[in-house]
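# Notes for the structure review
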Amino acid sequence: QVQLVESGGGLVQAGGSLRLSCAASGRTFSSYAMGWFRQAPGKEREFVAAISGSGGVTYYADSVKGRFTISRDNAKSTVYLQMSSLKPEDTAVYSCAARYRPSTIAVVAGSNGIDYWGKGTLVTVSA
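Residues numbered from 1 in each chain as written. Predicted model: local features only at pLDDT ≥ 70, side-chain atom pairs only at ≥ 80, totals over all residues. Heavy atoms only, no water.

Under the defined criterion, the tally for this structure stands at 4 salt bridges. With a closest N to O distance of 3.1 Å, Asp62 and Lys65 form a salt bridge. Look at Asp62 and you get exposed, because its relative accessible area is 66%. Through salt bridges with shared partners, one network takes in Arg38, Glu46, Arg67 and Asp90. (Salt bridge = Lys/Arg side-chain N within 4 Å of Asp/Glu carboxyl O. Buried < 20%, exposed > 50% of the residue type's maximum accessible area, 1.4 Å probe, protein only.)

Laid out in structure tokens, this is it:
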């Protein structure tokens, strides 16, 4: 069982930056590929970014490529999402997700490929 707890959400002006963190329980953190998803009000949840267990491979949604950076610190069992050049359309609840040893990082991009979810943290970007 893996528990995921997100933090770092808040209110930021358009063009600003924010860093989200997701702390994971358990001793096998490096065995899990990690991802970030988001869900805006009235919309379906969508994939944002993913990172392999070693941190060597990353994968991004086109909508955030070049603006967001996912990283992880396996010693701290934590994954991060650095968000820059934020836009009002980035407003959403951001959730952390974990998948045990996926065959490819792209598997994490599908909600069906997730083993564990965090409860999420709200990011609000004002115009």
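The strand order across the open sheet formed by 4 strands is β1-β3-β8-β7, and the pairing between neighbours is antiparallel. The open sheet is flanked by β1 (4-7) and β7 (68-73), the only strands paired with a single partner. Each adjacent strand pair in this sheet contributes to an overall mean axis angle of 15 degrees, direction not counted. Where β1 lies against strand β3 (residues 18-24), 4 bridges are found, and the strand directions are antiparallel. Looking across to β3, one finds that Ser7 is bridged to Ser21. (Pairing = 2+ DSSP bridges. Helix = DSSP H or I, 4+ residues; strand = E, 2+ residues; numbered from the N terminus. Axes fitted to C-alpha atoms, helices over the stretch in contact; angles between N-to-C directions.)

Two cysteines joined by a covalent bond between their sulfur atoms form a disulfide. Across all of its chains, the model carries 1 disulfide by this definition. Across a sulfur-sulfur distance of 2.1 Å, Cys22 and Cys96 are joined as a disulfide pair. Taking the torsion about the sulfur-sulfur bond, which here is approximately -85 degrees, the covalent link between Cys22 and Cys96 counts as left-handed. Taken together, the residues Cys22 in strand β3 and Cys96 in strand β9 (residues 92-100) connect sequence positions 74 residues apart. In terms of burial, Cys22 and Cys96 fall into one category: buried. (Disulfide = S-S within 2.5 Å.)

What follows deals with the side chain of Ser95. Mapping Ser95 onto the fold places it in strand β9. Each residue touching Ser95, except ones within four places of it in the same chain, is listed here: Glu6, Gly35, Trp36, Phe37, Trp117, Gly118, Lys119 and Gly120. (Contact = heavy atoms within 4.5 Å.)

Leu4, Met34, Trp36, Val79, Leu81, Met83 and Tyr94 are the most contacted members of the largest nonpolar core, which has 38 residues in total. If you list the elements that add at least two residues to this core, you get β3, β4 (32-39), β5 (46-51), β7, β8 (78-83), β9 and β11 (121-126). For Val79, the contacting residues outside a window of four places in its chain are Leu20, Ser21, Cys22, Phe29, Met34, Trp36, Ile51, Ile70, Ser71, Arg72 and Cys96. (Core = buried A, V, L, I, M, F, W, Y, C linked by side-chain atoms within 4.5 Å.)

Looking now at the packing of aromatic side chains. Enumeration according to the criterion identifies 5 aromatic pairs in this entry. Taken together, a centroid distance of 5.5 Å and an interplanar angle of 35 degrees make the contact between Phe47 and Tyr59 tilted. Taken together, the residues span a long stretch of sequence, with Phe47 in strand β5 and Tyr59 in strand β6 (residues 58-60) at a distance of 12 residues. For Phe47, a relative accessible area of 13% puts it in the buried group. A relative accessible area of 35% places Tyr59 in the partly exposed class. Through pairs of rings, three or more aromatic residues link up here, namely Phe37, Phe47, Tyr59 and Trp117. Residue placement shows Arg45 over the ring face of Trp117; its charged tip is 3.7 Å from the ring centre. Lying across the ring of Phe29, Arg72 places its NZ or CZ 4.3 Å from the centre. (Phe/Tyr/Trp six-rings, centres within 6.5 Å; stacked < 30°, edge-to-face > 60°. Lys NZ or Arg CZ within 6 Å of the ring centre and 35° of its normal.)

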